Structures are given as structure tokens and as C-alpha cells.
Amino acid sequence: MKALKLNKEVELLIGSIGGIQSLYMSIYVFFGKKRNIPNILLALFFFFITLRIVKSLFWIYFDNLPDWFLNLGFIAHLACGPALYLFFTHYLFQKKWLKIQLPHFLPVVALVLVMFRINEANFWFRGGYTLLLYHQLIYTFLSFIVLCRAYKKCRALNYEISNTEWIWLLILILGTSLIQVSYFSNYVLGLTSYTTGPVIYAFFIYFLSIYSVLNKNILGYVAGGTIKYKNIKLNDDEFNYYKNHLLHLMETEKPYLNPSFTLSQLSKQISLPTYLSSHLINKGFDKNFSEFVNAYRITEAKSKLISESHSHLKIAEIAYECGFNTLSSFNSSFKKTTGLTPSQFKNNHS
């Protein structure tokens, strides 16, 4: 087993500080502004990984530890992956807790029931620990997939999750990945020291904590589960009022003719927060912002393509006049909407 080139006392100090900070994060998140499902899952993730780090440090520096204590550390490690995966799922997709999600923790429950019967010799070193490490890599990968899917969905629907919040979540998944890979690399591949995990975690948890302090509102969102787009507060009358206001704006002022027209600009014009404007378009027109604006641009283009007063213009010029930045995006959107290319549409109506 390879060793880090650090003094043992230094390793113990760094790992211990990381464990203490992780426990603090667990308590802070659990007793945050709102105790909801994502809040509880994130607090459990920090708590489980704290137990895992403590077990690692004790195993290295203390002899004759009881089997149940070592098993507790391994079991906590086993629970980290599902806790993180379910946190991302509930936090980013606003999922309700379902009983069908309980099987994620069945392996944890099973090991708890036999934790006083198993030990390193008869279970963990006979394939149990290897399965645990692969199990964690799979859940870490699934968590990363959930984050990517959420980012793609939120960008498409123009949901307002701040860049600060995305960075915080990315730090969380990357830090977790490094920890899981370090344990895997140590036991399965034999490339790193066993203390690499606790040392990496110490740096990761402090970096995450410092980032949270520098961005004071971030833990308020994460711990409270108060992503901006979740706070949709428009009654039916308000919704219909703003929907009509939006239609009037688009039809009379034609802001979509501006190629750089954004959701933020639209929100200012109808006096709504960006996340509510996104919700209004998504629910009221079954489109995201880009689709909504392009529909108006295509309608404008269709009118100009068959207008005698614009017959002297090239198709590219019409595309730019209607608010498209490139001819390729215009052609793609036009065919998707009408089933015809601009040239075919123009010829059919000439």
C-alpha cells in the first residue's frame, strides 16, 4: 500500500479538521431554514461521510478497534452514494419522497442487521469492500448524470438557478468523486495511500465551506431548498393578466426583432422576475423562451417572404431582419415550424 509523503501527525490533523468541519456542515444544513427532503438528504450525506473519514483515521492510528466500529464506518460509506444521488434528484427536480426510493438504502439496512457478525476477514476483504467501492462509483456517476440533465433542462426552460448555485453543486459532485476515486484507487488499483481519502476530503470540505461563506446566500438556497424557480406565486387572475400583457407586448412592440433579445429584457418589460416570466411562457404557451420568441420570428419571416414589398430581399436578409443571428438557425427553425425550407415556402406562394 502506497503512502502519502506526509508526517503521520500532519495527516491526522488534516483529516481530523476535515471530519470536524464535515460534521459542522451536517448540523448546519439539518437545522437550516427549512427541513425538507433535500435538506435532510444533504445533511445525511455529510454525516455519513464524516463517519467514514473518522473510521479511516482511527483504523490507521489506533490498534484493536472493535469490529462493529469498523463496520459502522463501512456502512456509512455505503450510504453516502444513495444519499447524494437522492439529494440531487429531489433538489433539482423537485421530486416528492416515494416509498419506492427506500430500496436505495436496502444494502445499508442489511449490513446494519449483521454488523456484529461480519468483520474484515470474513466479509470486507472477501469481496465486500470491493463491491462497496464499485457501488459508490456507480452512485457518484448517477449523481453527475442527474446534475447534467438538470442543467440541460434548466437552460432549455430558462429557469433561474444562479451560476453561484451551479458552481456549489459542481464542487460538491467533483469533491465527492475525488474521494470515492481515491478509496477505489487505494484498494482496487493500489495506486494511492489509504490516507489520500481523508486528506482530499479535508481540502474539499473546507473549499466548499469557504465558497459558501464568500457567497452568503448559497447555503440559504441549498439548506433551505429555496431555488428561485420553485417560488412561483401567481394566482389565476395575475397569470392571465401577465399572459395578455406579454401577448400585447410581442404583437405591438415586436421586441423579438432584436437578435440579442433575452428573457431578462422581456422580464423587465412586463415587470416580472425572470423565473416568473419563464414560468409564464412555459405554462401559458407550452414553450420555452427560445421557442416562444422564434415562433414570432418565423411568423414575421413568413409574412416578408410572400410580401411583394420585400421580394427584392435575399432570404438571409429577411432572416436577420426578423431577429435571427445566423442563416442556419433561421433555416432550421423555419423547417421545424413549417415543414418547408424558406425557399420552398417562398416558391409555393409566389
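Our structure is the block above this text.
Each value, and the rule that gives it
Residues numbered from 1 in each chain as written. Predicted model: local features only at pLDDT ≥ 70, side-chain atom pairs only at ≥ 80, totals over all residues. Heavy atoms only, no water. Helix = DSSP H or I, 4+ residues; strand = E, 2+ residues; numbered from the N terminus. Buried < 20%, exposed > 50% of the residue type's maximum accessible area, 1.4 Å probe, protein only. Patch = residues over 30% accessible without salt bridge, like charges linked within 9 Å, V, L, I, M, F, W, Y side chains within 5 Å. Areas by Shrake-Rupley, 256 points an atom, 1.4 Å probe, with all protein chains shown as cover. Salt bridge = Lys/Arg side-chain N within 4 Å of Asp/Glu carboxyl O. Phe/Tyr/Trp six-rings, centres within 6.5 Å; stacked < 30°, edge-to-face > 60°. Lys NZ or Arg CZ within 6 Å of the ring centre and 35° of its normal. Expected span 1.5 Å × (residues − 1). Arc of directions from axis to C-beta. Contact = heavy atoms within 4.5 Å. Polar contact = N/O pair within 3.5 Å; in protein donor to acceptor, adjacent residues only side chain to side chain.

Engineer: Any chance you could break down unusual backbone geometry for me, citing the residues and the numbers?
Structural biologist: Glycine aside, a negative phi is what most residues show, and trans is what most peptide bonds show. Its identity is not glycine, yet Asn 64 carries a phi of approximately 55°, on the positive side. Among the structural elements, Asn 64 can be located in the loop between helix H2 (37-61) and helix H3 (67-93). Of the residues examined, Asn 64 reaches a relative accessible area of 78% and is grouped as exposed. A positive phi angle, near 60°, is found at Ser 271, a position not held by glycine.

Engineer: Go over a nonpolar patch on the surface, please, and point to the residues and values.
Structural biologist: Taken together, the side chains of Trp 59, Phe 125, Tyr 134, Tyr 187, Val 188, Leu 189 and Leu 191 present a nonpolar region at the surface, about 640 Å² in accessible area. The greatest single-element share of the nonpolar patch, amounting to 3 residues, is contributed by helix H6 (residues 163-189). Here Phe 125 shows up in the loop between helix H4 (106-113) and helix H5 (128-157). The class for Phe 125 is partly exposed, based on a relative accessible area of 45%.

Engineer: Can you tell me about the pattern of salt bridges, naming the residues and giving the values?
Structural biologist: Applying the stated rule across the entire model yields 2 salt bridges. Lys 254 is the partner of Glu 300 in a salt bridge, and the nearest nitrogen-oxygen pair spans 3.4 Å. Residue Glu 300 is found in helix H12 (residues 289-305), and its partner Lys 254 is found in the loop between helix H9 (236-252) and helix H10 (263-270); the two are separated by 46 residues along the sequence. Taking the shortest distance from any N to any O, the salt bridge between Glu 321 and Lys 304 comes out at 3.1 Å. One end of the pair, Glu 321, is in helix H13 (residues 315-321); the other, Lys 304, is in helix H12, and 17 residues separate them in sequence. For Glu 321, a relative accessible area of 35% corresponds to the partly exposed category.

Engineer: Talk me through the packing of aromatic side chains; I want residue IDs and the actual numbers.
Structural biologist: Applying the stated criterion to the full structure yields 28 aromatic pairs. Summarising the aromatic geometry, the rings of Tyr 201 and Phe 204 are spaced 5.6 Å apart at their centres and angled 50° between planes, so their arrangement reads as tilted. In this pair, Tyr 201 and Phe 204 are both assigned in helix H7 (residues 196-214), 3 residues apart and thus about one turn of the helix distant. Of the residues examined, Phe 204 reaches a relative accessible area of 6% and is grouped as buried. In textbook terms, an aromatic cluster arises when at least three aromatic residues are bridged by ring pairs, as seen for Phe 74, Phe 123, Trp 124, Phe 125, Tyr 129 and Tyr 187. Note that Arg 297 overlies the ring of Phe 324, its terminal NZ or CZ placed 5.9 Å from the centroid.

Engineer: Break down H9 for me, citing the residues and quoting the values.
Structural biologist: An ideal rise of 1.5 Å per residue puts 24 Å on 17 residues; H9 measures up with 24 Å between its terminal C-alpha atoms. Taken together, the buried positions of H9 are Phe 239, Tyr 242, Leu 246, Leu 249 and Met 250. Down the axis of H9, the sector holding all buried residues measures 95°, keeping them to one side. Away from its buried face by more than 90 degrees, H9 exposes Asp 236, Asp 237, Tyr 241, Asn 244 and Glu 251. Among the structural elements, H10, helix H11 (274-285) and H12 are those in contact with the buried residues of H9. Two or three places before Asp 237, at the start of H9, stands the capping residue Asn 235, its side-chain oxygen 3.2 Å from that residue's backbone nitrogen. Downstream of H9 by a residue or two, Lys 254 has a phi angle that is positive, lying close to 50°.

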